[in-house]
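Secondary and tertiary structure notes
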Amino acid sequence: MLLTPLLLGLTACVSALGGHGHDSTFNNPIFPGFYPDPSCIYIPERDHTFFCASSSFNAFPGIPIHASKDLQNWKLIGHALNRKEQLPRLAETNRLTSGIWAPALRFHDDTFWLVTTLVDDDRPQADFSRWDNIIFKAKDPYNPKSWSNAVHFNFTGYDTEPFWDEDGKAYITGAHAWQVGPYIEQAEVDLDTGKAGEWRVIWNGTGGMAPEGPHIYRKYGWYYLLAAEGGTGVDHMVTMARSKTLSGPYESNPGNPVLTNANTTSYFQTVGHCDLFQDSNGNWWAVALSTRSGPEYLHYPMGRETVMTAVSWPEGEWPTFTPIAGRMSGWPMPRDAKDIRGVG
Ligand SMILES: *[C@@H]1O[C@H](CO)[C@@H](O)[C@H](O)[C@H]1NC(C)=O
Ligand SMILES: *[C@@H]1O[C@H](CO)[C@@H](O)[C@H](O)[C@H]1NC(C)=O
Ligand SMILES: *[C@@H]1O[C@H](CO)[C@@H](O)[C@H](O)[C@H]1NC(C)=O
């Protein structure tokens, strides 16, 4: 009889694709449209959920937060910036390129921390008042009221992120105003008051324009520093350095850039401004921004979107990233899939 072997064949096919019931393929962009500068974390203690924050410039509500259980189905769960009193000055910044640049989302002490910059892009780079660096925190990112008002700290730059060292001390790393250099700087900061220590240069990048978007990961006895260079156009790239101590000196990865679509004819151009996170299986993933503008890079009506890729990071070595394309295949998707709160 014909039907039985056909059904058996179908069953075998489905289970080979799915492994333990989950696919390892996904499509980019994971967040289509205006979601630049993604920063993502995986929080096992919050019901095994991935959370991401994106830049929102002058839009209000600002700083969208996405959540997922399986890296395939994402839901916009709210906005960190959702009440005027959190940051009244947002209403006063002019220019499309002003407003909220590059939030960094992290989880520490059972609290979500979000560090970012409100930029007045019509003021000179070296003007201290151009860069309003701010800290938000929340216990429950699903509840808009849980997000605090902004706590301000002084830094003449942008792309700021919090990092807690082994001793519990908090540091902020950021990109110094790029026209006036130097580049990646760091200071100890009291995240509750915004009181900052002395800013020190920890890395100048590999020579690309505007080293920015720094993220630090303590892994395998090293502090790994991830950054973006080349500007957010077609030369955009992701580079890495590492050090045995948080304050440096950081040595560049000889294999830089670790991720870029520069000098390719890919439909996905301007790949950069990356963040890394690990899933429940210990597998590494990266998110970055990209424009679907290739190969000509003339028009990209969808703006800067969020893309994702699989990363292989053997112990003690430099990570390797799968180049960004539309149809991706990566690690088996996490098995914790359950609906995000609020989804039927
Ligand atoms: C930031 O700098 C200004 C001007 O020097 C100062 O008045 C203010 O107290 C500083 N803020 C913090 C949080 O240190
Ligand atoms: C970075 O470059 C500046 C000059 O712009 C230099 O003073 C500084 O020593 C350099 N820092 C590092 C860590 O390479
Ligand atoms: C792209 O090619 C140019 C010209 O050869 C080169 O200078 C640049 O470093 C390349 N960019 C990347 C990110 O590979």
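As annotated in an unreviewed UniProt entry, the protein chain carries the name Glycosyl hydrolase and is attributed to Chaetomidium leptoderma.

Overview of the site of ligand 3
The environment of ligand 3 is formed by Met-237, Ala-262 and Asn-263. A distance of 2.3 Å is found between an oxygen atom of ligand 3 and a side-chain nitrogen or oxygen belonging to Asn-263. Notes on ligand 3: free accessible area 370 Å², of which the protein chains cover 38%.

What about the sheet that holds strand β20 (residues 284-292)?
The strand order across the open sheet built from 4 strands is β19-β20-β21-β22, with neighbouring strands paired in antiparallel fashion. Of all strands in the sheet, those with a lone pairing partner are β19 (268-278) and β22 (320-321), marking the two edges. Two strands pair when backbone bridges link them, and strand β21 (residues 305-312) and β22 are joined in this way by 2 bridges, in the antiparallel orientation. Counted as the bridge partner of Ser-312 is Thr-320 from β22.

Section: empty space enclosed by the protein
Scanning all chains against the criterion turns up 1 cavity of 30 Å³ or more. Considered as a void within the structure, the largest cavity measures approximately 40 Å³ in volume. Lining the largest cavity, in full, are Ala-102, Pro-103, Ala-104, Asp-159, Thr-160, Glu-161, Gly-213, Pro-214, His-215 and His-273.

Overview of the environment of Gln-72
Take Gln-72: it is sitting in the loop between β4 (62-68) and β5 (74-81). According to the relative accessible area criterion, Gln-72 is partly exposed, its value standing at 32%. Linking Gln-72 and Trp-331, residues 259 residues apart in sequence, is a C-alpha distance of 12 Å. If we ignore the near neighbours within four places in the chain, the residues touching Gln-72 are Asp-23, Thr-25 and Met-333. There is a polar contact of 2.8 Å between the side chain of Gln-72 and the backbone oxygen of Thr-25.

Parameters and conventions
- Residues numbered from 1 in each chain as written.
- Chains lettered and ligands numbered in written order.
- Predicted model: local features only at pLDDT ≥ 70, side-chain atom pairs only at ≥ 80, totals over all residues.
- Heavy atoms only, no water.
- Near = heavy atom within 4 Å.
- Polar contact = N/O pair within 3.5 Å; in protein donor to acceptor, adjacent residues only side chain to side chain.
- Areas by Shrake-Rupley, 256 points an atom, 1.4 Å probe, with all protein chains shown as cover.
- Pairing = 2+ DSSP bridges.
- Helix = DSSP H or I, 4+ residues; strand = E, 2+ residues; numbered from the N terminus.
- 1 Å grid on protein atoms, 1.4 Å probe; cavity = no way out; pocket = protein on both sides within 12 Å on 5 of 7 lines; lining within 4 Å.
- Points joined across faces, edges and corners; volume = space filled by probe spheres on them.
- Buried < 20%, exposed > 50% of the residue type's maximum accessible area, 1.4 Å probe, protein only.
- Contact = heavy atoms within 4.5 Å.

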